[in-house]
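Commentary on secondary and tertiary structure
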Amino acid sequence: MDFIANTDYGYIRVSTREQNEARQKLALRAFGIPEQNIYLDKQSGKDFDRPQYQALLRRIKKDDVLYVKSIDRLGRNYDEILAQWRYLTKDREVDIVVLDMPLLDTHQNRDLTGTLIADIVLQLLADLSGSCVGVVGKEDEAQGVHNVAVEQDVQLHQLGRHIAVQLIVKGRISLGAA
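Since this is a predicted model, take the numbers as computed values, not measurements. (Residues numbered from 1 in each chain as written. Predicted model: local features only at pLDDT ≥ 70, side-chain atom pairs only at ≥ 80, totals over all residues. Heavy atoms only, no water.)

Attention now goes to helix α3 (residues 78-91). The terminal C-alpha atoms of α3 lie 19 Å apart, and with 14 residues this matches the ideal 20 Å at 1.5 Å per residue to within 8%. Turning to α3, its buried residues number three or more, namely Y78, I81, L82, Q84, W85, L88 and T89. When α3 is viewed along its axis, its buried side chains cluster within an angular range of 170 degrees and face the same direction. The outward face of α3, more than 90 degrees from its buried face, is lined by the exposed residues D79 and D91. Following α3 by one or two positions, E93 has its phi on the positive side, about 60 degrees. (Helix = DSSP H or I, 4+ residues; strand = E, 2+ residues; numbered from the N terminus. Expected span 1.5 Å × (residues − 1). Buried < 20%, exposed > 50% of the residue type's maximum accessible area, 1.4 Å probe, protein only. Arc of directions from axis to C-beta.)

Its place among the elements puts T106 in the loop between β4 (95-98) and α4 (112-151). T106 sits in the buried class, given a relative accessible area of 11%. Only 2.7 Å separates the side chain of T106 from the backbone nitrogen of I96, close enough to count as a polar contact. Ignoring anything within four residues of it in the chain, the contact list for T106 reads W85, T89, V94, D95 and I96. (Polar contact = N/O pair within 3.5 Å; in protein donor to acceptor, adjacent residues only side chain to side chain. Contact = heavy atoms within 4.5 Å.)

Spatially, β2-β1-β3-β4 is the arrangement adopted by the four strands of the open sheet, whose pairing is parallel. Only two strands of the sheet have a single partner each, and these edge strands are β2 (38-42) and β4. Here the average twist between neighbouring strands, direction ignored, is 20 degrees. Pairing geometry for strand β1 (residues 8-14) and strand β3 (residues 65-68), over four bridges, is parallel. Pairing of Y9 across the sheet is with L66, part of β3. On the sheet, helix α2 (residues 51-59) packs against β1, β2 and β3 and is oriented at approximately 155 degrees with respect to β2. (Pairing = 2+ DSSP bridges. Axes fitted to C-alpha atoms, helices over the stretch in contact; angles between N-to-C directions.)

Written out as structure tokens, the structure is:
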């Protein structure tokens, strides 16, 4: 019997065309996800009816691994995220790794305890989503822009944090500029 290796996929979502997906892409590439296996949607996370996410679902198969930078990149509605998580991990038997939340890693934690912990964490996130998502998102965005800028040798301290964030997000400075 031949062994078929699992395939690693990445999913990136930004809410608008103006937002920069670079920090998510850098995180996925750091985990060795090939460019051709990274799916990107530039639209709202209000539901899962997104072209590239649907293309990913058509391609991903049992024992493959889906990597996302953070759980809110899957969507904004935690009840829908929870349903999608269960669909992928239980029905499709796909592993999911959330890079910034190690408790949400079904690839490493395949046993009953790991599954139970992931289910509890997701349920807690669903229950708390109204009060936490905006704060985490803004901190994460600021940190992400900073990380991308440092990675590309942009000197944030010379531009001023607010101005630099706006210029990078809007693409008005090249990421190689000093």
